[in-house]
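Here is how the chains run, residue by residue.
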Amino acid sequence: MKRVKHDIELVEKAIKGDATAFEQLLIKEEQMLYYKALSYVGRKEDVLDVIQETACKAFLAIKDLRNPEYFSTWLFRILIRECYQLLKKRDRMIPYDEMELLRKMEHKQELPSDTLHLGEALSKLNESYQTSIILFYYHDLSIRDIAEVMEKPVGTIKTYLRRAKKHLKNELERSYKFNERTI
């Protein structure tokens, strides 16, 4: 994950309650927060709500941050939780560029594009599988970074990715076979 390198002293000041230091940290993360939130919630109005909630929760919880060097990962984790909360409230699916995600999938499939319902297939995954797939293929995070963000062991993330890819492959093949019969 491309992390913004923070001055550890600035993070430590924020941990001790320095609001100005915390604000400076958020300004450095502003672009990452915006684009990551946009990739999850899809609408600019929602992005602003998510970022505001993320900033508020992070400010209230920063005193509990044990490792200042992981400030970016910690903040990203809060952002993801807020995105999912908003999506659950609004009962919406996570938007993303389906073609870009499909290109990045390891198992490139020779299926006609009109039978690929990647969005539907992804929405059928449980939240952990969905998050791991999106972070790995769409945000280009390493498995280690995904493990940090999701607070899971590396082996668990590998399992999530393997199972998610298998589930997606089955869903896409089933869709292809169904569409082949209806043509």
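Cut-offs used in this document
Residues numbered from 1 in each chain as written. Predicted model: local features only at pLDDT ≥ 70, side-chain atom pairs only at ≥ 80, totals over all residues. Heavy atoms only, no water. Helix = DSSP H or I, 4+ residues; strand = E, 2+ residues; numbered from the N terminus. Buried < 20%, exposed > 50% of the residue type's maximum accessible area, 1.4 Å probe, protein only. Contact = heavy atoms within 4.5 Å. Areas by Shrake-Rupley, 256 points an atom, 1.4 Å probe, with all protein chains shown as cover. Expected span 1.5 Å × (residues − 1). Core = buried A, V, L, I, M, F, W, Y, C linked by side-chain atoms within 4.5 Å. Salt bridge = Lys/Arg side-chain N within 4 Å of Asp/Glu carboxyl O. Phe/Tyr/Trp six-rings, centres within 6.5 Å; stacked < 30°, edge-to-face > 60°. 1 Å grid on protein atoms, 1.4 Å probe; cavity = no way out; pocket = protein on both sides within 12 Å on 5 of 7 lines; lining within 4 Å. Points joined across faces, edges and corners; volume = space filled by probe spheres on them. Axes fitted to C-alpha atoms, helices over the stretch in contact; angles between N-to-C directions. Parallel < 35°, antiparallel > 145°, perpendicular 65-115°, else oblique. Left-handed = near helix turned anticlockwise from the far one by under 90°. Nonpolar A, V, L, I, M, F, W, Y, C, P; charged D, E, K, R; others polar.

(A) Highlighting the overall build of the chain. The number of helices and strands found in the chain is nine helices and zero strands. Looking at the 183 residues of the chain, the share that counts as buried comes to 43%. For the chain, the proportion of contacts with a sequence separation of at least 24, taken over those separated by at least 6, is 68%. Surface accessibility of the chain: about 10,900 Å² in total, with carbon and sulfur atoms responsible for 50%.

(B) Just helix α4 (residues 71–90), in detail. Its 20 residues give α4 an end-to-end C-alpha distance of 29 Å, which sits within 8% of 28 Å, the value for a rise of 1.5 Å per residue. Taking burial as the measure, the 20 residues of α4 include 15 buried ones, the bulk of the element.

(C) Expanded view of the nonpolar core. Ranked by internal contacts, the top residues of the largest apolar core, which has 50 residues, are Phe71 and Leu135. If you list the elements that add at least two residues to this core, you get α1 (8–15), α2 (19–41), α3 (44–61), α4, α6 (118–123), α7 (127–138), α8 (143–150) and α9 (154–182). At eleven residues, α4 tops the list of elements feeding residues into this core. Residues in contact with Leu135, not counting those within four places in the same chain, are Tyr40, Phe76, Ile80, Asp140, Leu141, Ile146, Val149 and Met150.

(D) Inspection of the pattern of salt bridges at higher detail. For the coordinates displayed, the defined rule picks out five salt bridges. Across the salt bridge formed by Arg43 and Glu45, the nearest N and O atoms sit 3.2 Å from each other. Of the charged contacts in the structure, one is a salt bridge between Asp46 and Arg43, with a shortest N-O distance of 3.3 Å. What you see here is one network of salt bridges that share partners, running through Arg43, Glu45 and Asp46.

(E) Region of interest: the environment of Glu127. Assignment of secondary structure puts Glu127 in helix α7. Separated by 43 residues in the primary sequence, Glu127 and Tyr84 place their C-alpha atoms 8.7 Å from one another. With residues near it in sequence (within four places) discarded, Glu127 still touches Tyr84 and Lys88.

(F) Region of interest: the packing of aromatic side chains. For the coordinates displayed, the defined rule picks out six aromatic pairs. With centroids separated by 4.9 Å and ring planes inclined at 90°, the aromatic side chains of Phe136 and Tyr137 adopt a geometry described as edge-to-face.

(G) Inspection of the layout of surface pockets at higher detail. Here the largest pocket is characterised by a volume of approximately 370 Å³. Along the walls of the largest pocket sit 15 residues, with Leu65, Arg66, Trp74, Arg77 and Glu151 positioned nearest its centre. Mapped onto the lining of the largest pocket, the elements with two or more residues apiece are α3 and α4. Among the elements that take part in the lining of the largest pocket, α4 stands out by supplying six residues, more than any other.

(H) Seen up close, the packing of α2 against α4. At a minimum axis distance of 10 Å, the contact between α2 and α4 shows a crossing angle of 40°. When the axis of α2 is compared with that of α4, the two are oblique. For the crossing formed where α2 meets α4, the hand is right-handed. Taking contact as the criterion, the partners of Phe22, Leu25, Leu26, Glu29, Met32, Leu33, Lys36, Ala37, Tyr40 and Val41 in α2 are, on α4, Phe71, Ser72, Leu75, Phe76, Leu79, Ile80, Cys83, Tyr84, Leu86 and Leu87. Looking at the contact of α2 with α4 residue by residue, the classes come out as 17 nonpolar, one polar and two charged.

Keep in mind that these numbers describe shape and distance, not what the molecule does.
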